[in-house]
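What the coordinates show
One-letter residues, chain by chain:
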Amino acid sequence: MTLLSRRNLLKTGAIAVPAAILAPATAAQAARAARPELPGVEMSGVAPASLAGFDNLLKKFVLDRKITAAQLAIMKSGKIVLARGYRYNDFSRALPAVTPTSLFRIASLSKNITSAAIMRLVQDGKLSLSAKVTQLLGLTPLDERMGQVTVLRLMQHLGGWDRGVSKDQLWLDHTIAAALDVPLPISHADIVKYATARKLDFDPGTKMVYSNYGYLLLGRVIEKVSGMSYESYVKSKLLQPLGITRMRLGRSLRSEAAPGEVAYESQYTNKSVVDASGTVVPYQYGGFNMPNQDANGGWLASAVDLVRWTLAFDKPGTVLSSASIAKLVAKPEIGVNQYGSWYGGGWWVRQVTGHLNTWHDGSMPGTYSYLARLQNGFSYAVVFNRREETGSLDFDTLDDDMNKVTVSSWPTTDLTSRYF
């Protein structure tokens, strides 16, 4: 990627160097009084000069989309080499600072965490990937094909649910409450009861269709087999060995935000799902039920937490063994797709020379996240407090743009000790 010149940076507002700062204070004050501050991007954290291509890319991405909270973290060969917080500021409102440790909802990046928890149970001899979910959870389904749904098929989105046909059960709170005649907020048990009483959309194991509900079931399997809450199991068996202490499950309302959690933004609204008031609320705050998203998309993390988390897959023996990692990212029974990639446990996977690249994104109202583990020991995480919506610029260009950045020499300084 061609780095932005100083002139272009000034034109985009990614940095601002008012001429008045070179003048006496009285002249600077007069200049500020004569015109408002120019919009720009404020940064925190560390971006070494040799990685300026990535830093400038994020500045421009944030500026062009007016994103008020963002982070980028980069890991190279096990070392955190860049950790940045970004905030678009047009001076029209007071906004909190964004640091490298601010917490964000990470949405579906939660899925590789859940799959790793499943593999840890398998590794410890407490669970089999071929175990049938109906037996594990004591379900009596309407559709007898549910008996073919195994733990592995849930991990690989082969369970038989197609949200394009029967809709996404994690986003049907009002429908489920009415169907079961139960009050809002509904629970995991309500969602499972509703789905179990309905037909599957295809034969399990015959095709891959992304299913949030399948991961909700995996969360319940983890709780049933471990005897612990999903969150407690993940924290103790997966995150603690890596020294990750900030990550936690998120809540629905702004008033329930965790310490250091950013504010989320969306142009959309929805009827509240956290109570029966019928109140129209910002979609990101009460328009969906965060606790119900837990194993599918409920985690809070910072970008530095996420790149640290990739060591669970890059350093066998810390959380998972080499054999467990291999099973998690193995090709599914349906083979590879037309692009030569496949869905492993919570990761998209592609074979490159001598390495398996894995990546995933996450998206919900008020959130967009992306995490990638690529060849040459390069991993990165990006998180934003809003996602692409009608009228906004494309967000899906981010990974291609990141891949175009060239680095002539990687920094040797490890920033890990600043954050862990």
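Now for a look at the structure at hand.

Analysis parameters
- Residues numbered from 1 in each chain as written.
- Predicted model: local features only at pLDDT ≥ 70, side-chain atom pairs only at ≥ 80, totals over all residues.
- Heavy atoms only, no water.
- Pairing = 2+ DSSP bridges.
- Helix = DSSP H or I, 4+ residues; strand = E, 2+ residues; numbered from the N terminus.
- Contact = heavy atoms within 4.5 Å.
- Axes fitted to C-alpha atoms, helices over the stretch in contact; angles between N-to-C directions.
- Phe/Tyr/Trp six-rings, centres within 6.5 Å; stacked < 30°, edge-to-face > 60°.
- Buried < 20%, exposed > 50% of the residue type's maximum accessible area, 1.4 Å probe, protein only.
- Lys NZ or Arg CZ within 6 Å of the ring centre and 35° of its normal.
- Expected span 1.5 Å × (residues − 1).

Some thoughts on the sheet that holds strand S5 (residues 248–249)
Taken in spatial order, the three strands of this open sheet run S4-S8-S5, and their pairing is antiparallel. Each of the sheet's edge strands pairs with one partner strand only, and the pair in question is strand S4 (104–105) and S5. Of the strand pairs in this sheet, S4 and strand S8 (residues 299–301) are connected by two bridges, and their pairing is antiparallel. Bridge assignment links Phe104 to a residue of S8, and that residue is Ala301. Those strands touched by helix H11 (residues 230–239) are S5 and S8, and its axis lies near 40° from that of S8.

Thoughts on the packing of aromatic side chains
Counted according to the given criterion, the structure contains 20 aromatic pairs. Pairing Phe54 with Phe378 gives two aromatic rings, centres 5.7 Å apart and planes at 35°, and the pair type is tilted. With Phe54 in helix H3 (residues 52–65) and Phe378 in strand S13 (residues 378–384), this pair connects stretches of sequence that are 324 residues apart. Both residues of the pair, Phe54 and Phe378, count as buried. Three or more aromatic residues joined by ring pairs make a cluster, and in this case those are Phe54, Tyr370, Phe378, Tyr380 and Trp410. Over the aromatic face of Phe61 sits the side chain of Arg65, whose NZ or CZ is 3.6 Å from the ring centroid. When the ring centre of Tyr215 is taken as origin, the NZ or CZ atom of Lys111, which lies over that ring, is 5.7 Å away.

Observations concerning H3
Here H3 is 14 residues long and its end C-alpha atoms lie 20 Å apart, about the 20 Å a rise of 1.5 Å per residue gives. In terms of residue burial, H3 counts as a mostly covered element, since 11 of its 14 residues are buried. For H3, the full list of buried residues reads Gly53, Phe54, Asp55, Asn56, Leu57, Leu58, Lys59, Phe61, Val62, Leu63 and Arg65. Following H3 by one or two positions, Lys66 has its phi on the positive side, about 55°.

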